[in-house]
Amino acid sequence: MKILVLNSGSSSLKYQLFTIHSVKCELIFSGLIEQIGDSQILDHSQALEKMIQTLKEKQHLQSLTELSGIGHRVVHGGEEFTAPVIINEQVITAIEKLCPLAPLHNPANLMGIQLARKKAPKILQVAVFDTAFHQSIPEQAYLYALPYSLYEQHKIRRYGFHGTSHHYVTQQASLYLNKPLNTLKLISIHLGNGASATAINKGQSIDTSMGMTPLEGLVMGTRSGDIDPAILFYLNRKTGMNIDELDTLLNKQSGLKGICGENDMRRIIDQAEQGDHTSTLAIDIFCYHIKKYIGAYLASLNGVDAIIFTGGIGENAPLIRQMACENLNNLGIKMDTEKNQQKNKGNSIDIQHHSSLVKILVIPTDEELEIAEQTIQLINKTTD
Ligand code: ADP
């Protein structure tokens, strides 16, 4: 039995093929087709053909009809989707309706869904949403202090993202600590190009740092994270920058890149080690924001059993983990600086000092594996 996971972006198609052993999935092949829209690959339909061709050539699959199911990553599930769903016409209409909330992502995700359904109409397809895990967040944490009518009329609220990753590492933490999820309070910190922190009580997200869009919260590669919203009015009045320019400023030219001109954390650390002032500053600001969210979520959760670091930076940058947890002894959080330097080699490790009340874990995330497993679980439930 095989499951295909598709992540269809505006100019790329990422795909992974898994084999299934009971409910466990194992990766057999992973591919990425980029620059869709260029002369080589004109559109998503050609990208899908290319994927099928590659899977055939590698002798992993002769046709999509051999699959047990296809799992699609969908960025925005709004308030409608609190869990993965089997895709049908109604689901497609609902995802379409959510496009204004994620104009860069949902239309591209939908394109992948429509094309895969055309190619393999008899194969069950599942949508797994980045937002779904956060639908357990209570009103007080997801509502902004704006006129309530904006929520009623325009659904302005916190949705949160990276849900698949936070959910995956939450489960891995429970396995690693050998404690049932319903006994655990966790803070999960996903640090990749995008970055978010989530407070998790008994396996349920109760707050997360990304908001209505992925712009809010922690400092990211090119996104500002939290700022005073009045900066936008000020810049508009003072410089004449319009909405689109401000959008680009906050999403593409800010964050680490805005501070030091670089958004790749490896290079920023190298530059800081060579004495570059703005790179050092970028790291300081990045880590300080993480620390503030740890403090906030400690309060939201009334204590925490474990802090989880994940994502490209969280899994691979001891310096960032150390700085984010520095001087938190009084809160029961103390890192073992030697353990923190170990390479995790793709496994979960703990890096807290023996005197620390709180565990500090490094857990490699695997969003595609999580999508594959959620897909097969739902298909098994549906076909039982
Ligand atoms: P995405 O969010 O695009 O999936 P990743 O989770 O792969 O991104 O994270 C990318 C980030 O991880 C980049 O900033 C990269 O520099 C950083 N990173 C990867 N390896 C290391 C490392 N060894 N040390 C520091 N940062 C790293």
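Below is a summary of the structure that appears in this document. Not measured: the values here are computed from a predicted model.

1. Structural notes on the sheet that holds strand E9 (residues 204–208)
Okay, step 1: Reading across from one edge, E9-E8-E7-E10-E12-E11 is the order of the six strands in this open sheet, with mixed pairing throughout. The open sheet terminates on both sides in strands that have one partner only, identified here as E9 and strand E11 (349–350).
Okay, step 2: In the sheet, strand E8 (residues 195–201) pairs with E9 via four bridges, with the strands oriented antiparallel. In the strand pairing of E9, Thr198 is matched with Thr208.

2. Observations regarding the pattern of salt bridges
Opposite charge on two side chains makes pairing possible when the charged atoms of those side chains draw close.
Okay, step 1: Scanning the entire structure with this criterion turns up eleven salt bridges.
Okay, step 2: Lys24 serves as the salt-bridge partner of Glu373, at 3.8 Å between the closest nitrogen and oxygen. Taken as a pair, Glu373 in helix H15 (residues 367–383) and Lys24 in strand E3 (residues 24–33) lie far apart in primary sequence, 349 residues in all.
Okay, step 3: Under the relative-accessibility criterion, Glu373 is labelled buried at 13%.
Okay, step 4: Ionic pairing is found between Glu216 and Arg158, a salt bridge with its closest N-O pair at 3.2 Å. Of this pair, Glu216 sits in the loop between E9 and helix H7 (230–239) while Arg158 sits in the loop between helix H5 (148–154) and helix H6 (163–177), placing them 58 residues apart in sequence.
Okay, step 5: When its relative accessible area of 22% is taken as the criterion, Glu216 is described as partly exposed.

3. A short note on the environment of Tyr142
Okay, step 1: Along the polypeptide, Tyr142 turns up in helix H4 (residues 139–142).
Okay, step 2: With 16 residues separating them in the primary sequence, Tyr142 and Arg158 have C-alpha atoms 4.6 Å apart.
Okay, step 3: Excluding residues within four positions of it along the chain, Tyr142 makes contact with Glu79, Ile137, Tyr151, Arg157 and Arg158.
Okay, step 4: In terms of polar contacts, Tyr142 uses its side chain to reach the side chain of Tyr151, at 3.5 Å.

4. Quick look at the site of the ligand
Okay, step 1: Around the ligand sit Gly192, Asn193, Gly194, Asn263, Asp264, Met265, Arg266, Gly311, Gly312, Ile313, Asn316 and Ala317, and those are all the residues in its vicinity.
Okay, step 2: Here an oxygen atom of the ligand and a side-chain polar atom of Asn193 are 2.9 Å apart.
Okay, step 3: The backbone of Ile313 places a nitrogen or oxygen atom 3.3 Å from an oxygen atom of the ligand.
Okay, step 4: For the shell around the ligand, the secondary structure elements donating two or more residues are helix H10 (265–273) and helix H12 (311–316).
Okay, step 5: Class assignment of the residues belonging to the shell around the ligand gives a composition of three nonpolar, seven polar and two charged.

5. Some thoughts on the packing of H7 against helix H8 (residues 243–252)
A pair of packed helices can be characterised by two numbers: the angle between their axes and the separation between those axes.
Okay, step 1: Where H7 contacts H8, the axes come no closer than 11 Å and their chain directions differ by 130°. With respect to H8, the element H7 is oriented oblique. Crossing of H7 over H8 shows right-handed handedness. In this structure, H7 contributes Leu232, Leu235 and Asn236 to the contact, and H8 contributes Leu246, Leu249 and Leu250.

6. Details of the sheet that holds strand E4 (residues 69–74)
Okay, step 1: An order of E3-E2-E1-E4-E6-E5 is seen for the six strands of this open sheet, with the pairing classed as mixed. Bordering the open sheet on either side are E3 and strand E5 (85–86), each of which pairs with just one other strand.
Okay, step 2: Running over the sheet, helix H3 (residues 106–119) touches strand E1 (2–8), E4 and strand E6 (125–129) and is turned about 165° from E4.
Okay, step 3: Here H15 sits on the sheet and contacts E1, strand E2 (13–21), E3, E4, E5 and E6; the angle it forms with E1, its principal contact strand, is near 125°.

7. Here's the deal with unusual backbone geometry
Okay, step 1: Positive phi, normally seen in glycine, also occurs at Gln35, with a value near 55°.
Okay, step 2: Summarising the element assignment, Gln35 is placed in the loop between E3 and helix H1 (44–57).
Okay, step 3: In this structure Gln35 comes out as exposed when scored by relative accessible area, which is 54%.

8. A look at the pairing of E6
Okay, step 1: For E6, a buried count of five out of five residues is recorded, marking the element as mostly surrounded by other parts of the structure.
Okay, step 2: Because side chains alternate across E6, one face comprises the buried residues Gln125, Ala127 and Phe129, and the other comprises Val126 and Val128, equally buried.
Okay, step 3: As defined by bridge partners, E4 adjoins E6 across five bridges and the pair is classed as parallel. Opposite Val74, over in E6, you have Phe129 as the bridge partner.

Quick notes on the rules
- Residues numbered from 1 in each chain as written.
- Predicted model: local features only at pLDDT ≥ 70, side-chain atom pairs only at ≥ 80, totals over all residues.
- Heavy atoms only, no water.
- Pairing = 2+ DSSP bridges.
- Helix = DSSP H or I, 4+ residues; strand = E, 2+ residues; numbered from the N terminus.
- Salt bridge = Lys/Arg side-chain N within 4 Å of Asp/Glu carboxyl O.
- Buried < 20%, exposed > 50% of the residue type's maximum accessible area, 1.4 Å probe, protein only.
- Contact = heavy atoms within 4.5 Å.
- Polar contact = N/O pair within 3.5 Å; in protein donor to acceptor, adjacent residues only side chain to side chain.
- Near = heavy atom within 4 Å.
- Nonpolar A, V, L, I, M, F, W, Y, C, P; charged D, E, K, R; others polar.
- Axes fitted to C-alpha atoms, helices over the stretch in contact; angles between N-to-C directions.
- Parallel < 35°, antiparallel > 145°, perpendicular 65-115°, else oblique.
- Left-handed = near helix turned anticlockwise from the far one by under 90°.

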